[in-house]
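Residue-level structure breakdown
The chain contents come next:
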Amino acid sequence: MPTPTSPIAQLQTFRAQLHACFFRRADALFELGDALLCAQALPSLPHLSLEPIHQRGWGSTYAALACGQIDTEQLRDLLASHLPPADPLVFAVDMTTWPRCDAECSPERGYYYHPSRHSAGQPIIAGWAWQWIAQLSFDRDSWTAPVDARRLHPLEDTDQTAAAQIHALLERLPASEAVPLFVFDAGYDSAQLSLDLVEARVAVLVRLRADRCFYADPPPAARSPKGGRPRRHGAKFAFADPTTWPTPSATLTCQDDQYGSVTVKAWGGLHPKQQRHPGHGSGGPRPIVRGTIIRVQVERVPARTRPPKVLWLWWAGPGEPDLDLAWRAYVRRFDLEHTVRFAKQTLGWTTPRPRHPEQAERWTWLVLAGYAQLRLARQVAADNRLPWERPRPQPRLSPLRVRRGFPRLLCALGSPAATPKLAGRSPGRPRGRCSGPAVRHPAIKKPATKPRKKPSTTTKAT
């Protein structure tokens, strides 16, 4: 019998609590999640019913996503309670898309950027957007611990939604003296995030473009001799102009096996000219959001395929920034992209084509719960490698290799799902009923943030 602290016992406890998060069609949802972890390929959703672990018919896969109910708050609590121990806690936040270009009957689709798929010659697709939050580690692997995934409405603000997710996550984390760090890419507004999280005990790290400009506080006697409003911005700090850089407030130089010599410089007390704020358009003063600008210069990149570029970061939070933690945390942020790619390509997150976004949300939670089970099983899963792959020690198995050995663990884990009962034959659609064509939902396009100052050419011609 496994001890209560063994990985097998922890995985059994997680699976039992996961089953309790399913309210309606619980057994069908749970078996669908097990089949997801056992299937070596996922051509379509009903192919999961061919797995031996799936005891129900192929129609239950559709019924589980269409009629099932999942307590998402309880599932978020479960994922947060099984986070790996770390001090300090570092999380990555990123947005990804589920392409649904041809799904005219699917509501709440929007237009989003996609790096590889194009529409009419533009890297834009129509689909659903999801915002993931995952805990990072500093180990040399691609494992993360996703704790939340929320679908974004096309008209929702990405920064405000991320701040709401962070506030909800902080209530689930255990009390600790260390301040958790949240890492963002350049697609997020650094000042807006800092403004929304000013009352929370968190630190924010956001990548900045190389053409940004920031400003210091003006001197105390910055009023013009002719009178007028006092100055709100002091000396300019331009990333592209080194002559505008003052003396750094902190400097760090260290050696790294992958990046060679690393030089980190920080300038505190800088603020941007805020364009997005709650009082935009009211004529009131813009808020001043102060933070620390961090410049990271490395000697080389791991692949050595191109010369390294300068990395600019924005840090805001209580206390002083840890420069060594800041640049290493942003480097580990790319592990979340590996996790999303593994979910899409291996677990088949975006393979099904559900019509309604609620069905996509249930499938997303099954994928997150399945990835959490793989992470808990990485210490006990066998290395079921291919003949041309190199052997790896037990703690160093990749998510793909753990998934290969997961079907063997199910014999020892068991399943809390009940045995299916015969329900007879479905009567099918009543004779003479005509459903008619489905309702079409065009993709939602965000309106312009600001009205055009100059009339268009068509208006002038008219």
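Residues numbered from 1 in each chain as written. Predicted model: local features only at pLDDT ≥ 70, side-chain atom pairs only at ≥ 80, totals over all residues. Heavy atoms only, no water.

Scanning the protein from N- to C-terminus turns up 11 helices and 14 strands. Projecting the C-alpha coordinates of the protein onto the three principal axes gives extents of approximately 90 × 65 × 45 Å. Put simply, the protein has 462 residues, and 45% of those count as buried. Nonlocal contacts in the protein, meaning residues at least 24 apart in sequence, comprise 67% of its contacts between residues at least 6 apart. (Helix = DSSP H or I, 4+ residues; strand = E, 2+ residues; numbered from the N terminus. Buried < 20%, exposed > 50% of the residue type's maximum accessible area, 1.4 Å probe, protein only. Contact = heavy atoms within 4.5 Å.)

Quick look at the nonpolar core now. Most often, soluble globular proteins have nonpolar side chains that are buried together. Ranked by size, the top nonpolar core spans 82 residues in total, and within it Ile294 and Trp363 carry the most contacts. Considering each element in turn, this core owes the most residues, 11 residues, to helix α9 (residues 357-376). Every residue in contact with isoleucine 294, bar those within four places of it in the chain, is listed here: Leu205, Val264, Lys265, Ala266, Leu311, Trp312, Leu313, Trp315, Leu323 and Ala326. Leu83, Leu173, Leu208 and Trp314 belong to the second-largest nonpolar core, a separate cluster that totals 33 residues. (Core = buried A, V, L, I, M, F, W, Y, C linked by side-chain atoms within 4.5 Å.)

Take the packing of aromatic side chains next. Per the stated rule, a full pass over the model turns up 21 aromatic pairs. An angle of 25° between the planes, with centres 5.7 Å apart, marks the rings of phenylalanine 214 and tryptophan 314 as stacked. Of this pair, phenylalanine 214 sits in strand β9 (residues 213-215) while tryptophan 314 sits in strand β14 (residues 311-316); the two residues are 100 residues apart in sequence, bridging distant segments of the chain. Phenylalanine 214 gets classed as buried once you look at its relative accessible area, which sits at 0%. (Phe/Tyr/Trp six-rings, centres within 6.5 Å; stacked < 30°, edge-to-face > 60°.)

Next up on the list: unusual backbone geometry. Across the junction of aspartate 87 and proline 88, the peptide omega takes the value 0°, indicating a cis bond. Backbone geometry places arginine 25, a non-glycine residue, at a positive phi of 55°. Mapping arginine 25 onto the fold places it in the loop between β1 (22-24) and α2 (26-38).

Attention shifts here to the pairing of β14. Two faces belong to every sheet, and in a regular strand the side chains alternate between them. In terms of burial, β14 is largely enclosed, as six of its six residues are buried. A two-sided burial pattern is seen for β14, the buried positions comprising Leu311, Leu313 and Trp315 on one face and Trp312, Trp314 and Ala316 on the other. Two elements, strand β8 (residues 203-208) and β14, share five bridges in a ladder whose sense is antiparallel. Directly across from arginine 207, in β14, lies its bridge partner leucine 313. Across five bridges, strand β13 (residues 291-298) lies against β14 in antiparallel orientation. (Pairing = 2+ DSSP bridges.)

Moving on to the state of the cysteines. Counted by the stated rule, this structure contains zero disulfides. Cysteine 67 provides the cysteine sulfur closest to cysteine 21, a residue in no disulfide bond, and the two sulfurs are 20 Å apart. Free of any disulfide, cysteine 411 has its nearest cysteine sulfur in cysteine 38, 9.2 Å distant. Given a relative accessible area of 72%, cysteine 411 falls into the exposed group. (Disulfide = S-S within 2.5 Å.)

Structurally, the position occupied by tryptophan 128 is in strand β5 (residues 124-135). Residues tryptophan 128 and arginine 201, spaced 73 residues apart in sequence, show a C-alpha to C-alpha distance of 31 Å. One polar contact links the side chain of tryptophan 128 to the main-chain carbonyl oxygen of proline 107, over a distance of 3.1 Å. One polar contact links the side chain of tryptophan 128 to the main-chain carbonyl oxygen of glutamate 108, over a distance of 3.5 Å. (Polar contact = N/O pair within 3.5 Å; in protein donor to acceptor, adjacent residues only side chain to side chain.)

A few words on the environment of phenylalanine 214. Sequence separation between phenylalanine 214 and proline 180 is 34 residues; the distance between their C-alpha atoms is 25 Å. Ignoring anything within four residues of it in the chain, the contact list for phenylalanine 214 reads Leu208, Ala235, Lys236, Phe237, Phe239, Leu270, His271, Pro272, Ile293 and Trp314.

The next point concerns the packing of helix α3 (residues 59-67) against α9. Where α3 contacts α9, the two axes come as close as 7 Å, and the packing angle between them is 105°. Comparing their axes, α9 and α3 come out roughly perpendicular. Taking contact as the criterion, the partners of Ala64, Leu65 and Ala66 in α3 are, on α9, Gln359, Arg362, Trp363 and Leu366. (Axes fitted to C-alpha atoms, helices over the stretch in contact; angles between N-to-C directions. Parallel < 35°, antiparallel > 145°, perpendicular 65-115°, else oblique.)

A word on the packing of helix α1 (residues 7-20) against α9. Between α1 and α9, the shortest axis-to-axis distance is 10 Å and the interhelical angle comes to 165°. On the basis of their axis angle, the class for α1 and α9 is roughly antiparallel. Seen along the crossing, α1 lies across α9 with a hand that is right-handed. Between α1, through Pro7, Leu11, Phe14, Arg15 and Leu18, and α9, the contact on the second element is made entirely by Ala369, Ala372, Gln373 and Leu376. Here the contact of α1 with α9 is composed, by residue class, of seven nonpolar, one polar and one charged. (Left-handed = near helix turned anticlockwise from the far one by under 90°. Nonpolar A, V, L, I, M, F, W, Y, C, P; charged D, E, K, R; others polar.)

On to the side chain of histidine 114, then. Structurally, histidine 114 is set in the loop between β4 (110-113) and β5. Non-local contacts of histidine 114, meaning those with residues more than four positions away in its chain, are made with Thr97, Pro99, Pro123 and Ile125.

This part takes up the side chain of threonine 339. Examined against the element boundaries, threonine 339 turns out to sit in helix α8 (residues 334-345). By relative accessible area, which is 2% here, threonine 339 ends up buried. When near neighbours in sequence (up to four residues on either side) are disregarded, threonine 339 contacts Trp132, Ser142, Thr144, Pro146 and Tyr371.

Time to look at α2. The first and last C-alpha atoms of α2 sit 19 Å apart over 13 residues, in line with the 18 Å expected at 1.5 Å per residue. Burial analysis of α2 places 13 of its 13 residues in the buried class, which makes it a mostly covered element. (Expected span 1.5 Å × (residues − 1).)

The predicted coordinates of low-pLDDT regions are not to be read in fine detail. In this model, the protein carries an average pLDDT of 88, and 92% of its residues clear a pLDDT of 70 or more. Low pLDDT, under 50, characterises residues 451-456; the stretch is placed with one contact to residues that sit more than four places away or in other chains. Per-residue pLDDT stays below 50 along residues 458-462; that stretch engages in one contact with residues further than four places along the chain or on separate chains. (pLDDT = per-residue confidence, 0-100.)

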